[in-house]
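Each chain is listed here by its residues.
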Amino acid sequence: QVQLVESGGGLVQPGGSLRLSCAASGSIFSISTMGWYRQAPGDQRELVAVTTSGGSTNYADSVKDRFTISRDNAKNTVYLQLNSLKPEDTAVYYCNARIKRSYYRDWQDYWGQGTQVTVSS
């Protein structure tokens, strides 16, 4: 079994900051990409940021220069630093990881349970 456990969401005022964490645990042989997605009520889930095992990153245009994704490969953990938050950033944020559970198995996508981020005054 593989689990992704997120933490760090909450209520913050516009212009504020939050840091999300997501730790992968269980039967893990290798992790390739780790990333964050978000889903607001009535909207589809969208990519926020993603990072590879080598450290390359990619961001949605709406969060560039405000959010920073980072990763600790030794801890199988990915972080998302959210700065200059706006009300439109309000959503449930989901962690995603592409994981291989053994050498012989295929890569599979795993998801965390989601953490609520609310930006409001």
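Structure: see above.
Predicted model only: the values in this text are computed from it and were never measured. (Residues numbered from 1 in each chain as written. Predicted model: local features only at pLDDT ≥ 70, side-chain atom pairs only at ≥ 80, totals over all residues. Heavy atoms only, no water.)

1. Section: the packing of aromatic side chains
- Inspection of the entire model under this criterion finds 3 aromatic pairs.
- Measuring from centroid to centroid gives 5.0 Å for Y37 and W111, while their planes differ by 65 degrees, and the two rings are edge-to-face. On the criterion of sequence distance, the pair formed by Y37 in strand β4 (residues 30-39) and W111 in strand β10 (residues 108-111) is long-range, its members being 74 residues apart.
- By relative accessible area, W111 is classed as partly exposed at 38%. (Phe/Tyr/Trp six-rings, centres within 6.5 Å; stacked < 30°, edge-to-face > 60°. Helix = DSSP H or I, 4+ residues; strand = E, 2+ residues; numbered from the N terminus. Buried < 20%, exposed > 50% of the residue type's maximum accessible area, 1.4 Å probe, protein only.)

2. Re the pairing of strand β8 (residues 77-82)
- Counting buried positions along β8 gives 5 out of 6 residues, so the element sits mostly inside the fold.
- Examined bridge by bridge, strand β3 (residues 18-26) and β8 share 6 bridges and lie antiparallel to one another. Within β8, the position partnered with S21 by the bridge is Y79.
- Bridging between strand β7 (residues 67-72) and β8 involves 6 bridges; their strand directions are antiparallel. By the bridge assignment for β8, F67 is matched with L82.
- Linking β7 back to β8 in an antiparallel pair, the connection comprises 4 residues, with N76 at a positive phi of about 50 degrees. (Pairing = 2+ DSSP bridges.)

3. A few points about the state of the cysteines
- In total, this model carries 1 disulfide according to the counting rule given.
- Disulfide partner of C22: C95, at an S-S distance of 2.1 Å. An S-S torsion of about -80 degrees defines the bridge between C22 and C95 as left-handed. Highlighted residues: C22 in strand β3 and C95 in strand β9 (residues 91-100), separated in sequence by 73 residues.
- Accessibility expressed as a relative area gives 0% for C22, which makes it buried. (Disulfide = S-S within 2.5 Å.)

4. With respect to the sheet that holds β3
- One open sheet holds the 4 strands; their spatial order is β1-β3-β8-β7, and the pairing between them is antiparallel. Strand pairing shows two members of the sheet lacking a second neighbour, β1 (2-7) and β7, which therefore form its edges. Across the sheet, the mean angle separating the axes of adjacent strands is 15 degrees when strand polarity is ignored. (Axes fitted to C-alpha atoms, helices over the stretch in contact; angles between N-to-C directions.)

5. Some points on the environment of N76
- Within the secondary structure layout, N76 lies in the loop between β7 and β8.
- Its relative accessible area of 23% is what places N76 among the partly exposed residues.
- For N76, the residues in contact, after removing those within four places along its chain, are C22, A23, A24, I28, I31 and M34. (Contact = heavy atoms within 4.5 Å.)

6. A closer look at unusual backbone geometry
- We note that N76 has phi near 50 degrees; this positive angle belongs to a residue other than glycine.
- The phi angle at S84 is positive, at roughly 50 degrees, despite the residue not being glycine.
- Assignment of secondary structure puts S84 in the loop between β8 and β9.
- Residue S84 is classed as partly exposed on the basis of its relative accessible area, which comes to 42%.

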